[in-house]
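Below, each chain spelled out in residue letters.
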Amino acid sequence: MKKYRNFPKFLRQIVLAFLVGSFLALFILLTLEQANPMNTKLERDSGIYLYVSSSLLKGGIPYETAWETKPPGIFFINAFALILGKGSRWGIWFIEFLSLSASTILGFILLKKQFRLPSALIGTAIWLLGLNHVLAGGNFTEEYSLPFSFAALLLWVISGNNKNTLWMDFGIGLCTGFAIILRPNNIGVQTAVVLTLIFVAVRTGQYRKLWSRLTVIGIATFIPIFAAGLFFESRGAFNEFLEASLLYNLFYTGGNLDLRNALIGGISNLGYAGGISIIGYFLAIGQTRIQREYSSSNVFLIWIVINGITEVILSGLSGKSFEHYFICWMPLVAVTSAYLVSNIFPGFCLWSEKYPIRLTLALLLIGLLLFPHTPKEYINTLAQLTYQREKGIQRTDPIAEYINAHTATNDHILIWGGQAGINFLSKRDAPTPYIFYPLFEPSPFTDRIATEYYQALKQRPPTLIVDGSVFDPEKIVPLDEKNPLKWTAEHGIYANPYLVEILSFIRQSYSLKTVISNTSIYQLK
């Protein structure tokens, strides 16, 4: 009898969970449309990561057989994805789906805990729509850092209600360490957590507890970094790992801090989500000034204020402000959006919390009305993968297809300007590890890199050279440019060492073979 009475409530919980899951899934799939291998091309950065990772799976070592400046986390993730996808881009999409799903669930739990269901649903939708603006095709280090950011923030919030915070602090540290081996700039959330702990300790005088917590966080942070260093040390490539992933980046970012462009770029790139977030952020600043008693909610507001500052600083370090840099802002966007909704529409939130199924169903129907193409796209994709595999399981690249048809598997192919995704898609190795010359920045290593690049071209002349300047015409000097130094000066671009010699060698040793999709392909004479 008791079970019978509880059944309607249990059934309502199942229905609500299904509706919430469907609502979150809709926005996750909407965001990942731009990463669908069936319909989208392989972008430059993603192509580089895949090429380095495919080299890793063939026994190569990142930074030694294929040189890139990102820490190794992205290569391990991509290598695992290639195994799952049997060499196709679908493995990457699946890992992105898992990563974004984890971020969404963790973020939703966090927002529901802090602001209750209505604000959690709307805040989650807003940050996923913001992510959709800056994902730029996906498979970025910032994207895979999101689960660690949301997890660290959730662990910190939970720790506020516990006297023993050992394991939560340990988890925060692990999340920090894993984010660092993806990209050190991706730890804005964790940095703000630490700074908030310091701020609260200074106000309360609890320095012993602070020291204990920071020690645990620091030790746990070091574990993933130590494991990555041990991997390369065991393969005799620790110096290469350190040089490429740390030292070169110090010169890449040194003296280029641009906070203004980072702030303006972040808000503008995020679209409506950026506007909503900045309003919520200033509301939080106002509340911290009004409130004087530091309860847990006040401490959370302090974190919001600090995190906004840290994210702008970390995004502006290089002075580049690429749109995918702002992926790291998503936890802040989620929190400030949910905070704004809970404060501006308290009556609506109170009413809708009494009728959660109606609210969630209404939001799901609105989402389907706004984005009806999303279910259709995935239905069509699934149908082709299931019944029409002969048409291909991912979008083809005409340049890669030409390379496959006109070269042998052991031929070397040079992609001028870093579009190593063509090497990956054609399954042809580059003749040199330094795959994105001439895009290097001045550093103590650039002369040596350029020298080795030039020597590799002469010692192992590639069968074909693809002129990648068409993909980034403002930064990559064309192969047929007769005066490259004048071109770089006119475009405000750093002229890499041996640029003149390399282009002269290519003109003397290669002739134009064909043009595909406005891209010139040169063949060895």
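Asks: With reference to specific residues and values, describe the packing of helix 4 (residues 90-115) against helix 6 (residues 141-159).
Replies: When two helices pack together, their arrangement is given by the angle between the helix axes and by the axis-to-axis distance. Running from N to C, helix 4 and helix 6 point in directions that differ by 25 degrees, and their axes come no closer than 8 Å. Taken as axis vectors, helix 4 and helix 6 run roughly parallel relative to one another. Remark: the crossing between helix 4 and helix 6 carries left-handed chirality. Contacts between helix 4 and helix 6 involve Ile92, Ile95, Glu96, Ser99, Ala102, Ser103, Leu106, Gly107, Ile109, Leu110, Lys113 and Gln114 from the former and Glu143, Tyr144, Leu146, Pro147, Phe150, Ala151, Leu153, Leu154, Val157 and Ile158 from the latter. Of the residues that constitute the contact of helix 4 with helix 6, the class distribution is 15 nonpolar, four polar and three charged.

Asks: Describe the packing of helix 4 against helix 14 (residues 330-344), naming the residues involved and giving the relevant values.
Replies: The contact between helix 4 and helix 14 brings their axes to 10 Å, and the two run at 30 degrees. Between helix 4 and helix 14 the crossing geometry is right-handed. Listed contacts from helix 14 to Leu110, Leu111 and Phe115 of helix 4 are Ala334, Val335, Ala338, Tyr339 and Ser342. Here the contact of helix 4 with helix 14 is composed, by residue class, of seven nonpolar, one polar and no charged.

Asks: Requested: an account of helix 4, with residues and values cited.
Replies: For helix 4, built from 26 residues, the straight-helix expectation of 38 Å at 1.5 Å per residue is met to within 8% by its first-to-last C-alpha distance of 36 Å. Among the residues trailing helix 4, Arg116 stands out with phi positive, at a value near 80 degrees.

Asks: Let's hear about empty space enclosed by the protein: which residues, and what values?
Replies: The full count for this structure, using the stated rule, is five cavities of 30 Å³ or more. When its volume is computed, the largest cavity comes out at roughly 90 Å³. Along the walls of the largest cavity sit 13 residues, with Ala35, Leu42, Ser46, Arg89 and Gly137 positioned nearest its centre. Mapped by element, the contributors of at least two residues to the lining of the largest cavity are helix 2 (44-57) and helix 4.

Asks: I'd love a proper account of the nonpolar core, names of residues and values included.
Replies: Soluble, globular proteins show a tendency: their nonpolar side chains are buried together. Counting 76 residues, the largest nonpolar core has Trp127, Leu131, Trp156, Trp303, Ile304, Met330 and Val335 as its most contacted members. Setting aside residues up to four positions removed in sequence, Val335 forms contacts with Leu110, Leu111, Phe115, Leu153, Phe300, Trp303 and Ile304. Counting residues in each nonpolar core, the second largest holds 54 residues, with Tyr49, Phe424, Phe440 and Leu457 among its members.

Asks: Give a detailed account of the packing of aromatic side chains, specifying residues and quantitative values.
Replies: Two aromatic rings are characterised by how far apart their centres lie and by the angle between their planes. Under the counting rule described, the total for this entry stands at 38 aromatic pairs. Plain terms: the ring middles of Tyr281 and Phe282 are 6.0 Å apart, the flat faces sit at 70 degrees to each other, and that makes the pair edge-to-face. Its relative accessible area of 11% is what places Tyr281 among the buried residues. Both rings, one in Trp416 and one in Tyr437, keep their centres 5.7 Å apart while their planes meet at 65 degrees; by these two values the pair is edge-to-face. Of the two residues, Trp416 sits in strand 1 (residues 413-416) while Tyr437 sits in the loop between helix 19 (421-426) and helix 20 (446-459), which places them 21 residues apart along the sequence. Judged by relative accessible area, Trp416 falls into the buried class, the value being 0%. Over the ring of Tyr325 we find Arg183, and its NZ or CZ is 4.4 Å from the ring centre. Across from the ring centre of Tyr454, 4.3 Å away, lies the NZ or CZ of Lys458, which sits over that ring.

Asks: Explain the sheet that holds strand 2 (residues 464-467) to me, using residue names and the numbers behind them.
Replies: Within a sheet, neighbouring strands are paired by backbone hydrogen bonds and run either parallel or antiparallel to one another. Taking strand neighbours across the sheet as the criterion, the four strands line up as 1-2-4-3 in an open arrangement whose pairing is mixed. Of all the strands in the sheet, the pair left with one neighbour each is strand 1 and strand 3 (510-516). For this sheet, the mean angle separating the axes of adjacent strands, direction not counted, is 25 degrees. Alignment of strand 1 against strand 2, held across four bridges, turns out to be parallel.

Parameters at a glance
Residues numbered from 1 in each chain as written. Predicted model: local features only at pLDDT ≥ 70, side-chain atom pairs only at ≥ 80, totals over all residues. Heavy atoms only, no water. Axes fitted to C-alpha atoms, helices over the stretch in contact; angles between N-to-C directions. Helix = DSSP H or I, 4+ residues; strand = E, 2+ residues; numbered from the N terminus. Parallel < 35°, antiparallel > 145°, perpendicular 65-115°, else oblique. Left-handed = near helix turned anticlockwise from the far one by under 90°. Contact = heavy atoms within 4.5 Å. Nonpolar A, V, L, I, M, F, W, Y, C, P; charged D, E, K, R; others polar. Expected span 1.5 Å × (residues − 1). 1 Å grid on protein atoms, 1.4 Å probe; cavity = no way out; pocket = protein on both sides within 12 Å on 5 of 7 lines; lining within 4 Å. Points joined across faces, edges and corners; volume = space filled by probe spheres on them. Core = buried A, V, L, I, M, F, W, Y, C linked by side-chain atoms within 4.5 Å. Buried < 20%, exposed > 50% of the residue type's maximum accessible area, 1.4 Å probe, protein only. Phe/Tyr/Trp six-rings, centres within 6.5 Å; stacked < 30°, edge-to-face > 60°. Lys NZ or Arg CZ within 6 Å of the ring centre and 35° of its normal. Pairing = 2+ DSSP bridges.

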